[in-house]
Amino acid sequence: MARVKLTIDGTGVSTEAGSTILDAARDAEIYIPSICSHPDLACVDDIKGESFVFRGGERIETDDPEATWDGCGLCVVEIDGEIVRSCATEVVDGMAVATDSEGVLAERRKKLTALLSEHPHTCLTCAQAQGCSITQCSTNVPENERCCDLLGSCELQRVSQFIGVPQDVSKYKPRGLPSLKDEPLFDHNTELCIGCLRCVRACRDLRDVGTLSFVIRDGKPVVGTVEGPTRKESHCRFCGACIEVCPTGALMDKERAVGEDREKKLVPCRSSCPAGVDIPRFVRHIADGETGKAIAVIREKLPLAFAPSYVCFHPCEEVCHRGQVTTAVSVCRLKRFAVDSDTGEWHSRVAGKPSTGKKVAVVGSGPAGLTAAYYLAGQGHAVTVFEELPEAGGMLRVGIPEYRFPRELLEKDLEEVRSMGVEIECASKVDQARFEQLASGYDAVFVATGAHVSKKIDLPGRDLDGVYWGMDFLRDRSLGKIDAGVFDGKRVVVVGGGNVAVDAARVARRLGSGDVTMVSLESPEELPAHDWEIEEARDEGVKLVTGWGPVEVDSGHGRVMGLKVKRCTRVFDEKGRFSPTYDESETRDLPADVVILAIGQDASSGPFESCGLSPDRTIEIDEDTLATQMAKVFAGGDVAAGPGSVIDAIAAGRKAAVEIDRSLGGDGDIEVTLLDPEPVEHRLGKIENFAGLERIKPGTLDAGGRTSTFASCEETLTADQARLEAARCFNCDLRLAIAGVALPPSVELYFELMPESVESAPETEGVFQLYDAEKKVISIKGVMNLKASLAEVLEENESAKFFTLEQDPMYTKRESELIQQYLKEHGELPGGGEDDLDDLF
């Protein structure tokens, strides 16, 4: 590409031919102010609007259908005595550009005056603006004339300070325009809009959606929606691009996203995934028909890809922004579609590191243990997994019924772990003595035995034939110790309201019972089981009795006859702690032949006393490193954190691999790249009625057919269904790819020394600096009362024309710092010598 050489304020600049002056200045890090310009948007050059737009419920017609708008005009520069817009003027070889001539500065102030005349600006010239809360005003500015919550971080404020707010700018008069807050996610305060049209161009040019446009009224742009009074009616994609580029508080997130929480709030699905899966990225690939790329993204974080694609509790969906408009994107079903469609191209990029000679023992082959084993083997360590059960998988095999997670898919996950060189020894019980041998014979041990112990209560009749404990029941059934049809013709009561209780009830239906009842302490709103699991159980004929607690198992001839329950009046105390209370006078009898007590799980921590156990029998660990009090021993997953989800266990396994690898001298870097980053595609395109799109539901077995089989209840989405469902995504992450604007260099906020500005000064200790007409320092003073002292200056000092101030109770220290700064910049103090302080004080 040909290059062009020019000078900007005397500085030589080389840039590509065809660039604008503004582009060249940005590349050379020379600041030229602008409000309508943005790095990702084309120059405003006679942009044309619509014949009408909607501002809320108001339809606004244009003054002139042929009228155009040519930008804010703040970016003007001077070339050979001519004032031109730098955003619309191409560079020419040998061009000499001036950005700060008197003509340029005067034109910018003129344009800024026009912008600020219809925007709140009192706060911009207030001496107490820095750190102001806006809610309380010492100068009693009416609330509707104050700046918005962006004061202090507002782009328009920074640009105004750089140009200098003219003292003769007319007083802002509120126009009474609507603040639109009834729609989800974003608010639109039309009173604060300055008509820069960044939002319109981002929506139209960057996203190719066209929800927003403008009309010309009285020579100025008025922004609104195009096809109806609401964003929904105008087919908004809710991507947030308009918010991202807005230089004022006109368009804002309902929940502001700033600082360290910015990405978490803007892309909550990704930040809420315990394993860190890049959800928007893989969903976008599915929407584009690129399933191979989608599975590669998933596999970068999930070596056990099938398990969390079938049984994840998907916390990402609970925070999905789409859920505030209709229903959340079906992330888990899309993940399942991707893994079920996997052809394995990504596998060629999986490569382990050379052997380290270190040995690691993993106790437990559940999701935490298998994940840790996979990554540690990839780091070059020799890993052996010890599993007490006859088959590997832990809770994935014996705690989750096949209708939720088919066993052939578990085998595929296990195959992937073994492919990394992990050895899995089943039927290998680790008791206390064996554990001590492992701790002494291996370089590190990771305990991930889960929470397989059924929580027990002292309930009369619990030892009767026909009484089962929840986790024991599910495990024995999975291992073939409970025969099919064992509950034929029997009435089953399941005690508990959690996910284990729901699984037990649904399994009981599949074992032949036509009469299954779940009884829980909790009310329907308090049930700990997920709503969709409760709904599926009800669909299968499981009855729900809520607000009752067990008293005893009724018996006859040594067998179960029923369950007596009493009314539970409260489950949790005022502090949210589990503390049930009962009405002992209100009881009832539930007929039953089988009672399953599924009231919770305890950690499988029996052999690990030497690691240190907490009162609830979980292993005590360092939360940062997962290390136990026993040297070389780490613990994670349910055995340390208590009962949780599969995805939580996988996240714990990843963390364990990182920390154990570091303890063995590695770098702890387990990240893999299975798909190279690709250029960001900002375009989304218009989708009719996008806001109204509902979830795509996969095919399912009818409720009657489900209870006769342990086969999966739900089908995988088809390719067409998956693309339609993925297309519902808001692509929130694309907002993070929008370039930031170049802000003006930090400048002192000069206030003209006049009664109005002095009146707004704070009555606190601090430092003020006085400047002459050319803004040269003539005095630096630390005082007890800034307002009173400046009032004296106003009466006595004729040479002072401007002032700056800083509130600082340590004013003598600050006074010294400012003197030193002045000396560094100018070499000497006013008056000719460093010992002549009278000119400063």
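Residues numbered from 1 in each chain as written. Predicted model: local features only at pLDDT ≥ 70, side-chain atom pairs only at ≥ 80, totals over all residues. Heavy atoms only, no water.

Moving on: the overall build of the protein chain. Tallying secondary structure elements over the protein chain gives 26 helices and 33 strands in all. Seen along its three principal axes, the alpha-carbon backbone of the protein chain occupies a region of about 110 × 70 × 65 Å. For the protein chain, the proportion of its 841 residues judged to be buried stands at 52%. Taken as a whole, the protein chain presents about 37,300 Å² of accessible surface, with 46% of it coming from carbon and sulfur. Of the side-chain charges in the protein chain, 94 are positive and 142 negative, and the distance between the mean point of each set is 5 Å. (Helix = DSSP H or I, 4+ residues; strand = E, 2+ residues; numbered from the N terminus. Buried < 20%, exposed > 50% of the residue type's maximum accessible area, 1.4 Å probe, protein only. Areas by Shrake-Rupley, 256 points an atom, 1.4 Å probe, with all protein chains shown as cover. Lys, Arg positive; Asp, Glu negative; His and termini not counted. Charge placed at Lys NZ, Arg CZ, Asp CG, Glu CD.)

Within the open sheet, the three strands sit side by side as β24-β25-β26. Their pairing is antiparallel. At either end of the open sheet lies a strand with only one pairing partner, and these are β24 (548-556) and β26 (578-591). In this sheet, neighbouring strand axes are inclined to one another by 25 degrees on average, regardless of whether the strands run parallel or antiparallel. Examined bridge by bridge, strand β25 (residues 559-572) and β26 share nine bridges and lie antiparallel to one another. Note that in β26 the partner of R570 across the bridge is T581. (Pairing = 2+ DSSP bridges. Axes fitted to C-alpha atoms, helices over the stretch in contact; angles between N-to-C directions.)

Next up on the list: the confidence of the model for the protein chain. Considering every residue of the protein chain, the mean pLDDT works out to 92; 94% of them sit at 70 or more. The model gives residues 831-841 a pLDDT under 50, and that stretch makes 20 contacts with residues more than four places away or in other chains. (pLDDT = per-residue confidence, 0-100. Contact = heavy atoms within 4.5 Å.)

Along strand β16 (residues 382-386), four of the five residues are buried, which leaves the element largely enclosed by surrounding structure. Both strand β15 (residues 359-363) and β16 contribute to a ladder of five bridges, which runs parallel. Bridge assignment links V363 to a residue of β16, and that residue is F386. Assessed by its sense of winding, the connection that carries the chain from β15 through helix α13 (residues 367-378) to β16 is right-handed. (Right-handed = clockwise from strand over helix to strand, strands pointing away.)

What follows concerns helix α17 (residues 470-478). Looking only at α17, the buried set comprises G470, M471, F473, L474, R475 and R477. At its buried positions, α17 is contacted by α14 (395-398), β19 (453-454), β20 (467-469), α18 (499-510), β27 (594-597) and β28 (601-602). Immediately downstream of α17, the backbone of G480 shows phi near 80 degrees, a positive value.

Hydrogen bonding along the main chain pairs the strands of a sheet, whether they run parallel or antiparallel. Taken in spatial order, the three strands of this open sheet run β10-β11-β14, and their pairing is antiparallel. For this open sheet the edge positions go to β10 (179-180) and β14 (251-253), each flanked by a neighbour on one side alone. As paired elements, strand β11 (residues 186-189) and β14 share three bridges and run antiparallel to each other. In the strand pairing of β14, D187 is matched with M252.

Between two aromatic rings, the relevant description is the distance of the centres plus the angle of the planes. On inspection of all chains with the given rule, the structure shows 15 aromatic pairs. When the centroid spacing of 6.0 Å and the interplanar angle of 15 degrees are considered together, the rings of F473 and F487 count as stacked. Here F473 is found in helix α17, whereas its partner F487 is found in the loop between α17 and β21 (491-495), with 14 residues between them in sequence. For the pair formed by F473 and F487, the shared burial category is buried. Ring plane angle 45 degrees and centroid distance 5.8 Å describe the contact between F690 and F730, whose orientation is recorded as tilted. Of this pair, F690 sits in the loop between α21 (646-663) and α22 (703-706) while F730 sits in the loop between α23 (719-726) and β30 (751-752); the two residues are 40 residues apart in sequence, bridging distant segments of the chain. In this structure an aromatic cluster arises from ring pairing among F186, F238, F690 and F730. Lying over the aromatic face of F690, R237 brings its terminal NZ or CZ to 4.4 Å of the ring centre. In this structure, R322 is placed above the aromatic ring of F690, and the distance from its NZ or CZ to the ring centre is 4.6 Å. (Phe/Tyr/Trp six-rings, centres within 6.5 Å; stacked < 30°, edge-to-face > 60°. Lys NZ or Arg CZ within 6 Å of the ring centre and 35° of its normal.)

Along the chain, the position of H452 falls in the loop between β18 (444-447) and β19. Beyond its immediate sequence surroundings of up to four residues, H452 is in contact with G394, M395, V398, M471, D472, R475, D602 and S604.

Here the phi dihedral of D46 falls at roughly 55 degrees; this positive angle occurs in a residue that is not glycine. Positive phi outside glycine occurs at F238, with the angle close to 55 degrees.

A separate point is the nonpolar core. Grouped burial of nonpolar side chains is what soluble globular proteins tend to show. If you look at the biggest cluster of nonpolar residues, it comprises 79 residues, and the most contacted ones within it are I279, F282, I286, L334, F405 and I660. Residues in contact with I279, not counting those within four places in the same chain, are C269, R270, C273, C316 and V331. Ranked by size, the runner-up nonpolar core spans 61 residues in total, among them C36, V159, C196 and A691. (Core = buried A, V, L, I, M, F, W, Y, C linked by side-chain atoms within 4.5 Å.)

To continue, consider the pattern of salt bridges. Scanning all chains against the criterion turns up 54 salt bridges. With a closest N to O distance of 3.3 Å, K48 and E66 form a salt bridge. Of this pair, K48 sits in strand β3 (residues 47-48) while E66 sits in the loop between β5 (58-61) and β6 (68-69); the two residues are 18 residues apart in sequence, bridging distant segments of the chain. Where K301 meets E671, a salt bridge forms, and the shortest distance between an N and an O atom there is 2.7 Å. On the criterion of sequence distance, the pair formed by K301 in the loop between α9 (291-299) and α10 (306-311) and E671 in the loop between α21 and α22 is long-range, its members being 370 residues apart. Given the relative accessible area of 18%, K301 is considered buried. Through salt bridges with shared partners, one network takes in R506, R510, E536, E540 and R706. (Salt bridge = Lys/Arg side-chain N within 4 Å of Asp/Glu carboxyl O.)

Two packed helices can be described by the angle between their axes and the distance between those axes. Two elements in contact, α18 and helix α19 (residues 531-539), have axes separated by 10 Å at closest approach and are oriented at 20 degrees. Of the possible angle classes, the one that applies to α18 and α19 is roughly parallel. As for how α18 packs across α19, the hand of that crossing is left-handed. Contacts from N499, V502, D503 and R506 of α18 reach α19 at E533, I534, E536 and A537. When grouped by side-chain class, the residues that make up the contact of α18 with α19 number three nonpolar, one polar and four charged. (Parallel < 35°, antiparallel > 145°, perpendicular 65-115°, else oblique. Left-handed = near helix turned anticlockwise from the far one by under 90°. Nonpolar A, V, L, I, M, F, W, Y, C, P; charged D, E, K, R; others polar.)

Taken N-terminus to C-terminus, the directions of α9 and helix α12 (residues 331-340) make an angle of 110 degrees; their axes are 9 Å apart at the nearest point. By the criterion of interaxial angle, the relationship of α9 to α12 is roughly perpendicular. Here T291, A294, I295 and I298 of α9 come into contact with α12, specifically with K335, F337, A338 and V339.

A few words now on the side chain of R706. Its place among the elements puts R706 in helix α22. The buried category is assigned to R706, whose relative accessible area is 9%. Not counting chain neighbours up to four residues away, the residues in contact with R706 comprise R506, R510, E536, D539, E540, L701 and C713.

Of the strand pairs in this sheet, strand β7 (residues 76-79) and strand β8 (residues 82-85) are connected by four bridges, and their pairing is antiparallel. Pairing of V76 across the sheet is with R85, part of β8. Counting the residues in the hairpin turn of β7 and β8 gives two residues, including D80, whose phi is positive at 50 degrees.

A covalent bond between the sulfur atoms of two cysteines is what we call a disulfide. All chains considered together, the criterion is met by zero disulfides. Left without a disulfide partner, C203 is nearest to the cysteine sulfur of C236, which lies 6.6 Å away. (Disulfide = S-S within 2.5 Å.)

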